[in-house]
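An overview of the molecular structure
So you can see what is in the structure, the chains are spelled out below.
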Amino acid sequence: ISELVKISVADHIADVRFNRPDKYNALSFALIDAIAEAIDDLASRPGVRVVVISGEGRSFCAGLDIENFAAMQSGDNRFPNLTERYKERITNVYQHICYGWKELPMPVIAAIHGVALGGGLQIAMGADIRFSTPDTKFSVMEMRWGLIPDMSLTQTIRDVLPIDVAKELIFTGRVIKGEEALRLKLITHLSDNPFDEAMALAREIASKNPDAVRAAKKLINEVWHGDSARGLMMESQLMMKLMGSANQLEAVNSQLTGNPPNFKDPV
């Protein structure tokens, strides 16, 4: 994995940090590749039950690096064909670095500070849960550059915002701060120490049956917008896999005895 994304794993929690602090973690082509590689690595890394993503330095992520535009104008690093899929997925690489967090089997928590602008906001929206400082600046900024949000935002923001609120933020590119983001439900929690609180929640989630946590994320992601019959069937199918499994019995034993559970990690 590139030094542009730092990953450390302890106590079943992957601490993932965008590491371009001098540029407010703006998305250079190299950082985009590094984030894609990090997501791919985490998808198959054993022992990871929760992921916490954050940015080194003064910001979470300032969005697409404007130097990319200059490079494109000069003919270098030409913009890729966005209709080409990334490794046969439903996303292209730009969408993957945002939507890929949602596709990971384990929960992803974003700890946000400074700014989350454009692509930075779209990355944050790929997380399952978001903590932010009150003064963090958020913006669906693409309209400022004469563009639309194209890094999966339409498939993530719909889960938290009414359509009219989403349209207003997209049409205007308006900058809002953490308090308004919480009021709009763009973030989950407001915190003076988002990283510490994200890690505390990660530890709580990591103490649960990892099979059940993964099943819950899969179930909710897949049936939230689906029809009732499919959702009810998936509930039943996933419950049948969990009921009586080793980790589920370990959870029961822990509740009955008061002893800490000793869960086995999913393979």
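The preceding data block contains the structure.
What you see is a predicted model, and the numbers here were worked out from it, not measured in a lab.

**Observations regarding the packing of helix α1 (residues 29-44) against helix α3 (residues 93-103)**
Across the interface, α1 lies against α3 with an axial gap of 9 Å and an inter-helix angle of 40°. As summarised for this structure, α1 and α3 are arranged oblique, according to the angle between their axes. Like other packed secondary-structure pairs, α1 and α3 cross with a definite hand, here left-handed. On α3, the residues that touch F29, I32, I35, A36, I39, D40 and L42 of α1 are V93, Y94, H96, I97, G100 and W101. A per-class count over the contact of α1 with α3 returns 10 nonpolar, two polar and one charged.

**Focus on the nonpolar core**
In terms of nonpolar packing, the biggest core is built from 49 residues, with I35, V51, I53, W101 and I123 touching the most fellow members. Of all elements in the fold, only β2 (13-18), α1, β3 (50-55), α3, β4 (108-112), α4 (119-125), α6 (163-172) and α7 (178-184) reach the threshold of two or more residues within this core. With nine residues, the single largest contributor to this core is α1.

**Concerning a negative patch on the surface**
Negative charge collects at one region of the surface, where D135, E179, D192, D196 and E197 lie side by side. Here D135 is to be found in the loop between β6 (129-132) and β7 (137-139).

**Quick notes on helix α10 (residues 228-242)**
Its 15 residues place the ends of α10 21 Å apart at the C-alpha level, agreeing with the 21 Å of an ideal helix rising 1.5 Å per residue. Among all positions in α10, only G231, M234, L238 and L242 are buried. Down the axis of α10, the smallest arc covering the buried residues is 70°, so these residues share one side. Relative to its buried face, α10 has exposed residues pointing more than 90 degrees away, namely A229, L232 and M240. Check the buried side of α10 and you find it contacts α9 (210-223) and α11 (246-257). A distance of 3.1 Å separates the backbone nitrogen of A229 from a side-chain oxygen at the start of α10, and that oxygen is part of D227.

**Focus on the side chain of N247**
In this fold, N247 is placed in helix α11. For N247, the side chain forms a polar contact with the main-chain oxygen of K264, separated by 2.7 Å. Excluding residues within four positions of it along the chain, N247 makes contact with N209, P210, D211, F263 and K264.

**Considering the sheet that holds β7**
Taken in spatial order, the three strands make up an open sheet running β5-β7-β8, and their pairing is mixed. Because the sheet does not close on itself, it has two edges, and the strands there are β5 (115-117) and β8 (176-177). In the sheet, β7 pairs with β8 via two bridges, with the strands oriented antiparallel. Bridging across to β8, K137 finds its partner in K177.

Each value, and the rule that gives it
Residues numbered from 1 in each chain as written. Predicted model: local features only at pLDDT ≥ 70, side-chain atom pairs only at ≥ 80, totals over all residues. Heavy atoms only, no water. Axes fitted to C-alpha atoms, helices over the stretch in contact; angles between N-to-C directions. Helix = DSSP H or I, 4+ residues; strand = E, 2+ residues; numbered from the N terminus. Parallel < 35°, antiparallel > 145°, perpendicular 65-115°, else oblique. Left-handed = near helix turned anticlockwise from the far one by under 90°. Contact = heavy atoms within 4.5 Å. Nonpolar A, V, L, I, M, F, W, Y, C, P; charged D, E, K, R; others polar. Core = buried A, V, L, I, M, F, W, Y, C linked by side-chain atoms within 4.5 Å. Buried < 20%, exposed > 50% of the residue type's maximum accessible area, 1.4 Å probe, protein only. Patch = residues over 30% accessible without salt bridge, like charges linked within 9 Å, V, L, I, M, F, W, Y side chains within 5 Å. Areas by Shrake-Rupley, 256 points an atom, 1.4 Å probe, with all protein chains shown as cover. Salt bridge = Lys/Arg side-chain N within 4 Å of Asp/Glu carboxyl O. Lys, Arg positive; Asp, Glu negative; His and termini not counted. Charge placed at Lys NZ, Arg CZ, Asp CG, Glu CD. Expected span 1.5 Å × (residues − 1). Arc of directions from axis to C-beta. Polar contact = N/O pair within 3.5 Å; in protein donor to acceptor, adjacent residues only side chain to side chain. Pairing = 2+ DSSP bridges.

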